[in-house]
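Structure assessment
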Amino acid sequence: MKDKQVAYLLWILSFFGFAGLHRFYCRRYITAFIWFFTLGLFFIGTIIDAFLIPAMVNRENRRFG
């Protein structure tokens, strides 16, 4: 069971150079690698992810719940 708070903590690390960890946590590996190598699509994707994280976590919990 994935936790939204953990995903948000990993998302915060994006601002310190560790972009994409929250996407690895939600098993979105392809976009996680893209975020990692482009610094979260030059931080635009990182900002948008602030609103997408709850849906990503809920989808992951339904998928393996």
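By convention here, each chain's residues receive numbers from 1 onward along its written sequence. Per-residue local features are limited, in this predicted model, to residues with pLDDT of at least 70; the limit for side-chain atom pairs, both in listing and counting, is 80 or more; totals at the level of whole chains, interfaces and linings are taken over all residues. Values shown for side chains rest on all heavy atoms present in the structure; no hydrogens or waters enter the calculation.

**Some remarks on the overall build of the protein**
A run of H or I in DSSP counts as a helix once it spans at least four residues, and a run of E counts as a strand once it spans at least two, with each numbered from the N terminus. Summing up its helical and strand segments, the protein has 4 helices and 0 strands in all. In sequence order, the protein lays out its α and β elements as α-α-α-α. Radius of gyration: C-alpha atoms only; globule rule: 2.2 Å multiplied by the number of residues to the exponent 0.38. Against the globule reference of 11 Å for 65 residues, the protein gives a C-alpha radius of gyration of 11 Å, in line with a compact fold. Considered along the principal axes of its C-alpha atoms, the protein spans approximately 30 × 20 × 15 Å. The buried share of the protein, reckoned over its 65 residues, is 32%. Residue pairs at least 24 apart in sequence account for 52% of intrachain contacts in the protein once pairs closer than 6 positions are excluded. By element, 74% of the accessible surface of the protein is carried by carbon and sulfur atoms, the whole surface being about 4300 Å². Partly exposed residues are those whose accessible area sits between 20% and 50% of the maximum for their type, while under 20% is buried and over 50% is exposed, using a 1.4 Å probe and protein chains only. We call two residues in contact when some of their heavy atoms are within 4.5 Å. Per-residue and other accessible areas follow the Shrake-Rupley method at a 1.4 Å probe size, with only the shown protein chains counted as cover for residues.

**Thoughts on the packing of aromatic side chains**
Any pair of Phe, Tyr and Trp rings, taking the six-membered ring for Trp, is counted once the centres come within 6.5 Å. Such a pair is stacked with planes under 30 degrees apart, edge-to-face with planes over 60 apart, and tilted for the rest. Enumeration over the complete set of coordinates arrives at 6 aromatic pairs. Here Trp 11 and Phe 15 contribute two aromatic rings whose centre-to-centre distance is 5.2 Å and whose plane-to-plane angle is 90 degrees, an arrangement assigned as edge-to-face. Their ring planes at 50 degrees and their centres at 6.2 Å tell us that Phe 24 and Tyr 29 sit as a pair that is tilted. Using a relative accessible area of 26% as the deciding quantity, one classes Phe 24 as partly exposed. Feature note: the residues Tyr 8, Trp 11, Phe 15 and Phe 43 constitute an aromatic cluster, connected by ring pairs.

**What about the nonpolar core?**
In this text, buried Ala, Val, Leu, Ile, Met, Phe, Trp, Tyr and Cys residues form a nonpolar core when linked through side-chain atoms within 4.5 Å. Core analysis: the largest hydrophobic core is formed by 8 residues, namely Ala 7, Trp 11, Tyr 25, Cys 26, Ala 50, Ile 53, Met 56 and Val 57. Listed by contribution, the elements that provide at least two residues to this core are helix H1 (4–12) and helix H4 (44–64). Of the residues forming this core, the biggest block, 4 residues, is contributed by H4. Aside from chain neighbours lying at most four places away, what touches Trp 11 is His 22, Thr 46, Asp 49, Ala 50 and Ile 53.

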